[in-house]
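Fold and geometry: a report
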Amino acid sequence: MAKIIIKGGKTLNGEVKISGAKNAVLPIMSATLLCPGKFTIYNVPDLRDTRTMMQLLEITGAKTSFENGTVWVDTNNVNNPEAPYDLVKTMRASFYVLGPLISRFGKVQVSLPGGCAWGPRPVDYHLKGLEKLGANLDLEGGNILAEADELIGCDIHFEFPSVGATGNLAMAAVRAKGITRLFNCAKEPEITQLCEFLNIMGANIKGIGTDSLVIEGVKELNHADITVIPDRIEAGTFLMAGALNGEIKINNVIPLHLEKVTNKLIETGCQITINDDSISITPPENLKSVDMTTAVFPGFPTDLQAQWVALMSLSDSSSIVTDIVYHDRFSHIPELARLGANIKVEKNTAFIRGVDQLVGAPVMSTDIRASAALFIAALAAKGETEISRIYHIDRGYEKIEQKFLGLGADIRRVS
Ligand code: EPZ
């Protein structure tokens with residue numbers, strides 16, 4: 001099993017280009033299933049998850065190829081509306097094919113995603129919404145079987161602004177009969193871009209970027225091309241690596257997507273310079289402890305919570321981090337403790353006492369963002385850290401060791 005070895009304590013310096021957003025390209029790739037055609041998607045990160053999504057599209061009958069950051073999808077011969085367990089269990093986002101496939105074929109079989117590293121992740125909002133649109137659902141052998149002669153527009157209110165449910169139901173509704181209104185929707189930039197892509201395909205979605213989407217069903221959809229937005233979570237991860245380890249400039253970003261994160265980093269004493277499509281960070285002498293509570297966009301993203309905890313483990317006093325999106329997303333804490341971090345978790349809150357120094361040790365990745373937190377901590381720790389199960393980080397970060405090598409880190413991958 002491959003591992004990453006990091007020799008900490010090096011001061012980082014330099015620039016890094018941020019890749020396309022994983023959580024935008026996955027629903028966009030699913031949306032190509034809505035109609036026959038040839039699609040070109042630019043600025044796609046080469047990740048395990050984008051490769052998994054290509055496999056999933058091929059299982060439905062699509063043809064895909066990937067070269068130099070561009071993905072081509074030909075959905076003319078899609079004829080198998082199915083997402084099997086062995087793929088869905090490796091990537092929850094496979095569930096995104098539910099909406100497009102039932103819209104195009106009137107039936108679909110998708111494996112129920114299991115839990116994930118940090119606990120159950122239900123899909124009840126997706127299923128309730130589909131039933132409201134007129135689908136009949138059955139659960140058989142761990143698969144959702146959904147059928148609908150016709151999807152009829154309706155009002156759907158989300159209990160929580162779910163990113164996945166907003167995306168899935170928007171895709172199901174674009175060709176439903178009449179008007180579908182989604183309330184308390186997710187406003188994450190990745191969902192905004194998905195809705196923009198659907199409109200380029202010929203859909204009629206209003207209220208994009210707000211928490212209420214009004215979707216008037218259309219008859220026809222066509223193929224379309226799109227350039228994926230930069231990955232704000234990768235960007236935030238590198239900014240936090242800079243806050244602990246040195247001066248970094250991140251290029252190819254949309255600063256507006258990171259406003260809450262850069263404001264929080266300024267509170268810790270970091271110097272932040274924001275340009276049109278780049279952000280520079282200079283760390284302070286002493287990193288101030290700053291409390292943080294996650295929120296849906298435009299709040300502080302839960303996908304940067306683990307990285308923030310790593311940062312605060314070396315801050316000058318105590319801080320409190322609460323995750324209101326996922327109440328049990330703390331699998332990174334025991335691993336950070338192995339490096340010497342002083343953190344206590346109670347329910348969905350981490351109480352962090354900053355320490356003067358972390359010391360390298362063998363640690364284990366448990367999910368994409370927990371791995372990123374371990375990278376940030378290992379880069380600052382004294383001595384050598386060995387990170388195992390790095391297939392997690394390869395799911396969500398493109399060429400991560402090359403990018404850190406380019407910043408002067410002492411990092412290598414060993415198989
Ligand atoms: C997306 O997951 C992201 N994944 C996650 O990023 C991210 O952490 C999450 O949104 C929150 O921002 C992708 O976009 C592929 P949700 P998703 O539905 O859609 C509850 C990463 O590291 N909920 O917004 O699954 C749920 O339990 C990944 O890139 C229900 O109760 O998240 C959670 O508490 C990790 N029922 C909250 O809503 C449902 O039917 C938010 O989940 C759906 C969600």
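Residues numbered from 1 in each chain as written. Predicted model: local features only at pLDDT ≥ 70, side-chain atom pairs only at ≥ 80, totals over all residues. Heavy atoms only, no water.

Here we look at the site of the ligand
Near the ligand there are 21 residues, and of these Asp 124, Ser 162, Gly 164, Asp 303 and Val 325 occur at the shortest range. Taking Asp 124, its side chain carries an N or O atom lying 2.7 Å from a nitrogen atom of the ligand. The protein chains hide 88% of the 830 Å² of surface that the ligand would expose on its own. Of all the secondary-structure elements, those providing two or more residues to the shell around the ligand are α1 (22-31), α5 (124-132) and α6 (163-173). Counting residues per element, the shell around the ligand draws most heavily on α5, at three residues. (Near = heavy atom within 4 Å. Polar contact = N/O pair within 3.5 Å; in protein donor to acceptor, adjacent residues only side chain to side chain. Areas by Shrake-Rupley, 256 points an atom, 1.4 Å probe, with all protein chains shown as cover. Helix = DSSP H or I, 4+ residues; strand = E, 2+ residues; numbered from the N terminus.)

Examining the domain arrangement of the protein
The parts lose accessible area when they come together, and the size of an interface is often stated as this lost area. Per the domain assignment, the segments making up the protein are domain 1 (3-19 + 230-414) and domain 2 (22-227). Each of domain 1 and domain 2 has a C-alpha centre, and these two points are 30 Å apart. Counting residues at the interface gives 25 residues for domain 1, matched by 22 residues for domain 2. Buried surface at the junction of domain 1 and domain 2, both sides included, amounts to about 1,900 Å², of which 54% is carbon and sulfur. Per-residue buried area on domain 1 facing domain 2 is highest for Phe 297, Arg 395 and Glu 398; these three make up 29% of the total on that side. Where domain 1 packs against domain 2, one counts two salt bridges. Between Arg 232 and Glu 190 there is a salt bridge; the shortest N-O distance is 2.8 Å. Linking domain 1 with domain 2 are six residue pairs in polar contact (both at pLDDT 80 or more). (Domains from an automatic or database assignment. Contact = heavy atoms within 4.5 Å. Buried area = accessible area lost by both parts, 1.4 Å probe. Salt bridge = Lys/Arg side-chain N within 4 Å of Asp/Glu carboxyl O.)

Observations concerning α6
Of all 11 residues in α6, 10 are buried; the element is thus mostly enclosed. Between the side-chain oxygen of the N-cap and the backbone nitrogen of Gly 164 there are 3.5 Å, and the N-cap of α6 in question is Ser 162. (Buried < 20%, exposed > 50% of the residue type's maximum accessible area, 1.4 Å probe, protein only.)

Some words on the sheet that holds strand β12 (residues 204-206)
The strand order β10-β11-β13-β12 describes an open sheet built from four strands, whose pairing is mixed. Strands at the two margins of the open sheet, each flanked by one partner only, are β10 (155-157) and β12. Within the sheet, the average angular offset between the axes of one strand and its neighbour, ignoring direction, is 15°. Of the pairings in the sheet, the one linking β12 to strand β13 (residues 212-216) comprises three bridges and is antiparallel in character. In the sheet register, Lys 206 faces β13, and the bridge partner there is Val 214. (Pairing = 2+ DSSP bridges. Axes fitted to C-alpha atoms, helices over the stretch in contact; angles between N-to-C directions.)

Some words on helix α4 (residues 98-105)
Counting buried residues in α4 gives six out of eight residues, a clear majority hidden from the surface. Leu 98, Gly 99, Pro 100, Leu 101, Ile 102 and Ser 103 are the residues of α4 that are buried. After α4 finishes, the residue Gly 106 shows a positive phi value of roughly 75°.

What about the state of the cysteines?
Applying the stated criterion across every chain yields a total of zero disulfides. As a non-bridged cysteine, Cys 195 has Cys 185 as the owner of its nearest cysteine sulfur, 7.7 Å distant. (Disulfide = S-S within 2.5 Å.)

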